[in-house]
Structures are given as C-alpha cells and as structure tokens.
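For reference, the chains in residue letters:
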Amino acid sequence: MENAVRYLTKYDQEVGALVSAETQRQRRTLSLIPSENYSSKAVQLALATSYTNKYAEGYPYLWSNGSREEQQSGRYYRGQEHTNELELLAIRRALQLFTPNPGDYHANVQPLSGAPANLAVLSAFLKPGDTFLGLALDYGGHLTHGHNVNITGHYYNAVQYRLNESYELDYEEIRRLAKQHSPKLIICGATAYPLQISFRQLGAIARETGALLVADIAHICGLCVTGYHEHPFPHADIVTTTTHKILRGPRAGLIVCKKPYGAAIDRAVFPGLQGGPHMNTIAAMAVALKEAMSPDYKLYAGQVVRNAKLLSEMLKAEGFKLMGGRTDNHLLLLDVVGSANGLSAKNGNWLAKRWETAGIVANKNAIPGDTKPWYPSGVRLGTPAITTIGMKDQDMANVAEWIIRATRHAENEAELQRVRDEIEQFMGRFPSEPFYV
Ligand SMILES: *Cc1c(COP(=O)(O)O)cnc(C)c1O
C-alpha cells in the first residue's frame, strides 16, 4: 500500500500529498470519536478494486411469490456473473453474522450509508405523514430518527421520545407514547447512549401496539454480534447498521430483517431510493463481515468495552460528569459544563477544539437541555479506534491523564503541546499495521 500511495503521489501530487497527510494525522493523534475506527488493509484493498467500475442496478436474484430466486439474475445491465456472486457472498455473511437463524432472515447490503438505510426502511413501510416514534437527538438519538432538520422529520409525523432524568431509556414512557400515537413503526438505537438498550422490552411494546420495531445498531453492532450487548433479534423486525463504525468495514449501510419484510426493503433501497450499488464497497463489506466472525474480533469487542468502562471510571473519579453515570458499551458522554474539580469547560465545542490542539480528537455533542447545537454542553468519547491499534487496560490510565491535563490546562498552550508530544510518542509504540494508505 505504501507503493500505492507513492504511485498516486507521482500521478497526482496534490491528492497524494493529502492522502499521506491524513494518514499521518490518524497515526499521530488519539482518535476518540466513537463512530470512527481503523479499517484493515484487506478492507481498504477491496475498496480500491475494479468493482468500482461496474454498474449493477438491481439484485443478484429475482423476487417471485415472496421468495428470492437465486437462479435468476435481477440486474438491469449485462456482465454480472461476478457481481452476483460477490453480492450473494456478502448477503450470506451478513445473515451468518447478524441472525440467529439465517434461513428466517433477509439482508440488503446495498445502502450507501446509515442514513440512506434508515430512510429506505421508513419509506418501505410508511407513507408521508404517517407516524413513527424515535429517540430525540438531544437525548442521544440520530438525525434520521425523526429530527426536524432531517427528511425523516418533515416527511413523516415523527413523535420523539426522551430519556428519564438519569439519562436512561424510559420504557413506560415509550409504551405510553406508543399507545397514545399508534405509530406504524418504532425506531430504537442511538448515537450517544452509553447504557444497554433492552430490545426485549421494546419488542414487547411494539407488539402490544401493533408497530414494527426497527433497531438501528450502527454504534453497537459489533457488541451485539459478540455477546457484549443484547442482540436485537428476534425482538426487532428490522435491523439497520453502518459498517464503518465498530464493525471496521467500509463506509456503508446494511439492513437485515425478518424474511417477510425483505421484498419491501429491497424495493425501497432500489429503485425507491438509490441507483447502482457500490460494488467495491460491497466487496469490502464482505471482507469486514468475515473479519467480524473471527475469534480475534470477539476479543476486540470485549476489550473495547473494558477500555471504555475503565476510562469512564477514571474520568468520573476525577470529577467529570458522565451522562447516565457510567458506561456499559463503547462510548462515554461527558457533560463538560457540569463537570467538577477544575474540569468544567465553557462548552463542548470549545473543549473539543482545545483537546485537538493537544492531539486528542473527539466530538462535541448535545445533551438534554442544550439549545445551541453549535455550542452544546457535551463531548462524546469512544474506544473502538484506540482498541483497534492495540490499547489495553493499562493504557487507559495514560489516556485518562491526557484528557484530564488537556481539560485542566485547556488555556495553557505549552501544556497542550506537551500532551500532544507525549501522545505522538506513545502512538509510535503501536504497530503501524492499521495505518496503510
Ligand atoms: C452513524 C449513525 C447513522 C448514520 O450513518 P451515516 O453512515 O453517517 O449515514 C445512523 N444511525 C445511527 C444510530 C448512527 O450512529
């Protein structure tokens, strides 16, 4: 891959230089954004292949009487003998990884990312104006769960549920809203929720009220498939996920559902929402799905959770205010305005910028009560990326110390530079294996 970058740089000096610079940035700073990761060399190689040249609108099978006929290609263009085999392989792997019984489920590997996957699911089962329930953005929900700046918030009647005062899902409140509004669909899952989600309880609410349950497990899919989080199946009817977060694959989306919903989902993705699938991305997704079935990935997922718990305990002990009071998964949500012991900041935007000067890369995040989206009170941290490069229990003390120093001395440029130098030196101790291109 080094050769590939050298070739690129000779061919196009400007883009080549920007690729090298970004790789160096990723190699030298502490990547704590919980939705980011380092993909493997194999995943990156699969992305950079001839499959990027191929149009493959349609599916590698035809639907007839509600079942998939794999004997017949459902593509619109010719030249599909290999794309068909590749997509079927990716689907088989997705079903094997994500379902308790692959024969009862269907997978669509074509969504271009997580947001289009969610929109496809909503458009498959809802008409404009229909009601669905989703978690509010300032309580950890995703934009695509019905926020009013997103298409899901203005095409549909999105009723937003909130967390309780302890920043926990309030199942009785969700039940009450579902009974009151009779939604066609309930979407659960989050982008900034540090606790476990009970898919079993949400499934019960959906069945009681006649709604479909969609579990968007973009952040936690790797924990669900390794036993570190409750699995959404069989409680959910449909699962959506991204493949580039904890799963360490290419930037893409994936939908897995109970078989009866398969035909509607396929139609919604194509021709409903998208054109040709990105076959090179599907190749890389197949590689990532295989990697996620390995014993190494299970060890990885366990270490992600251990690292996050250790980091959260250390930060809490020093005075950081943790939303939810603890971490059960891979992420921490800090209320940095409400933190104590000299760790309180002006706002999350300001602090995340100061941390960046120190080589700590995180993201600002809204917390309940925030009114200015650009200046929220929270910062979100996660351990998927630092665990991929090899950080273990003992390394979390260092990470916590840098975070604490960069917060206490956020206005001291010399101290931030010292932290940055220490981080760069520390990062140099880990193998460069994940930093390919
Ligand atoms: C990241 C995320 C998405 C959207 O994924 P994109 O690939 O950025 O479109 C959707 N839902 C949840 C819960 C997410 O965390």
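This is a predicted model, so every value here is computed, not measured.

Chemist: Talk me through a nonpolar patch on the surface; I want residue IDs and the actual numbers.
Modeler: Taken together, the side chains of Y55, Y76 and Y77 present a nonpolar region at the surface, about 380 Å² in accessible area. If you trace the backbone, Y76 turns up in the loop between β5 (74-75) and α4 (81-98). Since its relative accessible area comes to 60%, Y76 is described here as exposed.

Chemist: Give me the lowdown on the domain arrangement of the chain, citing residues and values where you can.
Modeler: Along its sequence, the chain is organised into domain 1 (4-31 + 302-427) and domain 2 (44-292). Centre-to-centre, using C-alpha coordinates, domain 1 lies 29 Å away from domain 2. Domain 1 puts 20 residues into the contact, and the matching count from domain 2 is 16 residues. Interface of domain 1 and domain 2: buried area, both sides summed, is about 1,600 Å²; carbon and sulfur atoms make up 62% of it. On the domain 1 side of the interface with domain 2, the three residues burying the most area are D328, N329 and P368, jointly 26% of the side's total. At the surface where domain 1 touches domain 2, the tally comes to 0 salt bridges. Connecting domain 1 to domain 2 are 8 residue pairs in polar contact (both at pLDDT 80 or more). Going through the elements one at a time, α12 (295-318), β14 (331-335) and α14 (384-388) are the ones with two or more residues in the side of domain 1 that touches domain 2.

Chemist: Which residues make up empty space enclosed by the protein, and what values go with them?
Modeler: One water molecule sets the probe size; rolling that probe over the atoms shows where empty space is left. All chains considered together, the criterion is met by 2 cavities of 30 Å³ or more. Its volume calculated, the largest cavity comes out at about 70 Å³. Lining the largest cavity are 14 residues, with A190, Y193, I197, H219 and I220 sitting closest to its centre. Mapping the lining of the largest cavity onto the domain boundaries places at least three of its residues in each of domain 1 (4-31 + 302-427) and domain 2 (44-292). Its volume calculated, the second largest cavity comes out at about 30 Å³.

Chemist: Lay out the environment of P34 with the relevant residues and their values.
Modeler: Considering the arrangement of structural elements, one finds P34 in the loop between β1 (30-31) and α3 (41-47). Overall, P34 belongs to the buried group, its relative accessible area being 1%. Along the chain, P34 and T327 lie 293 residues apart, while their C-alpha atoms are 13 Å from each other. The residues touching P34, leaving out its near neighbours within four places in the chain, are H219, H330, L331, N363, R380, L381, G382 and P384.

About the criteria used
- Residues numbered from 1 in each chain as written.
- Predicted model: local features only at pLDDT ≥ 70, side-chain atom pairs only at ≥ 80, totals over all residues.
- Heavy atoms only, no water.
- Patch = residues over 30% accessible without salt bridge, like charges linked within 9 Å, V, L, I, M, F, W, Y side chains within 5 Å.
- Areas by Shrake-Rupley, 256 points an atom, 1.4 Å probe, with all protein chains shown as cover.
- Salt bridge = Lys/Arg side-chain N within 4 Å of Asp/Glu carboxyl O.
- Helix = DSSP H or I, 4+ residues; strand = E, 2+ residues; numbered from the N terminus.
- Buried < 20%, exposed > 50% of the residue type's maximum accessible area, 1.4 Å probe, protein only.
- Domains from an automatic or database assignment.
- Contact = heavy atoms within 4.5 Å.
- Buried area = accessible area lost by both parts, 1.4 Å probe.
- Polar contact = N/O pair within 3.5 Å; in protein donor to acceptor, adjacent residues only side chain to side chain.
- 1 Å grid on protein atoms, 1.4 Å probe; cavity = no way out; pocket = protein on both sides within 12 Å on 5 of 7 lines; lining within 4 Å.
- Points joined across faces, edges and corners; volume = space filled by probe spheres on them.

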